[in-house]
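Here is how the chains run, residue by residue.
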Amino acid sequence: MQLTSFTDYGLRALIYLASLPEGQQTNITEVTNTYGVSRNNMVKIINQLSRAGYIAATRGKNGGLRLGMPASQIVIGDVVRKMEPLQLVDCASCSITPACRLKKALHDAVQCFLQELDSYTLADLVERNTQLYEIILSEPPVAINTQ
């Protein structure tokens, strides 16, 4: 299964935020520059993640972006469910729909995929990942936002 770029960059944005030192905020420009995605797309992604509670976005002079909950509570499967259109096929106009078993097979495959993603939290992806910290922060942080 291939995730949409919307979900892919949503997960990347969460990884970026989870890699920041405790209490540090960032902004959309820093995230877009890190991943080379358009600001317009990232604004849409951040808005959806914010509505879902994964990101806290504060406007104003001291505003910025940070995780909306501890990284250890953000289950990757849940994020994918909230962001990804998981219907793999549209059976509405297919003439074999009454006899077809493909839809069930694909549904079962998606459930297995999501079940595997449910075994990972955002913290699992960033904790003690020195190489990631070096890429995102240019040096390992003192405290990581994974609680």
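Given the structure is predicted, the values throughout are model-derived calculations rather than measurements.

What counts as what
- Residues numbered from 1 in each chain as written.
- Predicted model: local features only at pLDDT ≥ 70, side-chain atom pairs only at ≥ 80, totals over all residues.
- Heavy atoms only, no water.
- 1 Å grid on protein atoms, 1.4 Å probe; cavity = no way out; pocket = protein on both sides within 12 Å on 5 of 7 lines; lining within 4 Å.
- Points joined across faces, edges and corners; volume = space filled by probe spheres on them.
- Helix = DSSP H or I, 4+ residues; strand = E, 2+ residues; numbered from the N terminus.
- Nonpolar A, V, L, I, M, F, W, Y, C, P; charged D, E, K, R; others polar.
- Buried < 20%, exposed > 50% of the residue type's maximum accessible area, 1.4 Å probe, protein only.
- Arc of directions from axis to C-beta.
- Contact = heavy atoms within 4.5 Å.
- Salt bridge = Lys/Arg side-chain N within 4 Å of Asp/Glu carboxyl O.
- Axes fitted to C-alpha atoms, helices over the stretch in contact; angles between N-to-C directions.
- Left-handed = near helix turned anticlockwise from the far one by under 90°.
- Pairing = 2+ DSSP bridges.

Q: Please clarify how the layout of surface pockets should be interpreted in this entry.
A: Estimates place the volume of the largest pocket at around 290 Å³. For the largest pocket, the lining is made up of 15 residues, of which Ile-28, Ala-57, Thr-58, Arg-59 and Leu-65 are closest to its centre. Going through the elements one at a time, α2 (28–35), α3 (39–51), β1 (55–58) and β2 (64–67) are the ones with two or more residues in the lining of the largest pocket. If you tally residues by element for the lining of the largest pocket, the top one is α3, at 5 residues. Along the lines of polarity and charge, the residues of the lining of the largest pocket split into 5 nonpolar, 8 polar and 2 charged. Of the volumes computed, that of the second largest pocket is approximately 150 Å³. Every residue along the wall of the second largest pocket is listed here: Leu-86, Gln-87, Leu-88, Val-89, Lys-103, Leu-106, His-107, Val-110, Gln-111 and Leu-114. For the lining of the second largest pocket, the per-class residue count stands at 6 nonpolar, 3 polar and 1 charged.

Q: How should α2 be read in this particular structure?
A: All buried positions along α2 are accounted for by Ile-28, Val-31, Thr-32 and Tyr-35. All buried residues of α2 project into a common sector of 95° when viewed along the axis, lining one side. Its buried side turned inward, α2 meets α1 (5–19), α3, β2 and α7 (130–137). Positive backbone phi, at 70°, marks Gly-36, one or two positions downstream of α2.

Q: Quick question: what am I supposed to make of the pattern of salt bridges here?
A: Should their charged atoms come close, side chains of opposite charge can pair. Counted by the stated rule, this structure contains 5 salt bridges. In this structure, Arg-81 and Asp-78 form a salt bridge, with 3.3 Å as the shortest nitrogen-oxygen distance. Taken together, the residues span about one helical turn, with Arg-81 and Asp-78 both in helix α4 (residues 76–83) at a distance of 3 residues. When its relative accessible area of 35% is taken as the criterion, Arg-81 is described as partly exposed. The salt bridge partner of Glu-127 is Arg-128, with a shortest N-O separation of 3.9 Å. Judged by relative accessible area, which is 31%, Glu-127 ranks as partly exposed. What emerges from the salt-bridge pattern is a single network uniting Asp-78, Arg-81 and Asp-118.

Q: What's the story with the packing of α2 against α3 in this structure? I'm lost.
A: The packing of two helices is summarised by the inter-axis angle and the distance between the axes. The N-to-C vectors of α2 and α3 enclose an angle of 120°; their axes lie 10 Å apart at closest approach. The hand of the α2/α3 crossing is right-handed. In contact with Ile-28, Thr-29, Val-31 and Thr-32 of α2, α3 contributes Arg-39, Met-42, Val-43 and Ile-46. Each residue belonging to the contact of α2 with α3 can be placed in one class, and the counts come to 5 nonpolar, 2 polar and 1 charged.

Q: What am I meant to see in the pairing of β1 here?
A: For a regular strand, side-chain orientation follows a simple rule: the groups alternate between the two sheet faces. Relative to β2, β1 is paired through 4 bridges, and the arrangement is antiparallel. Paired with Thr-58 across the strands is Gly-64, a residue of β2. Between β1 and β2, which follow one another and run antiparallel, lie 5 residues, and Gly-60 among them has a positive phi close to 105°.

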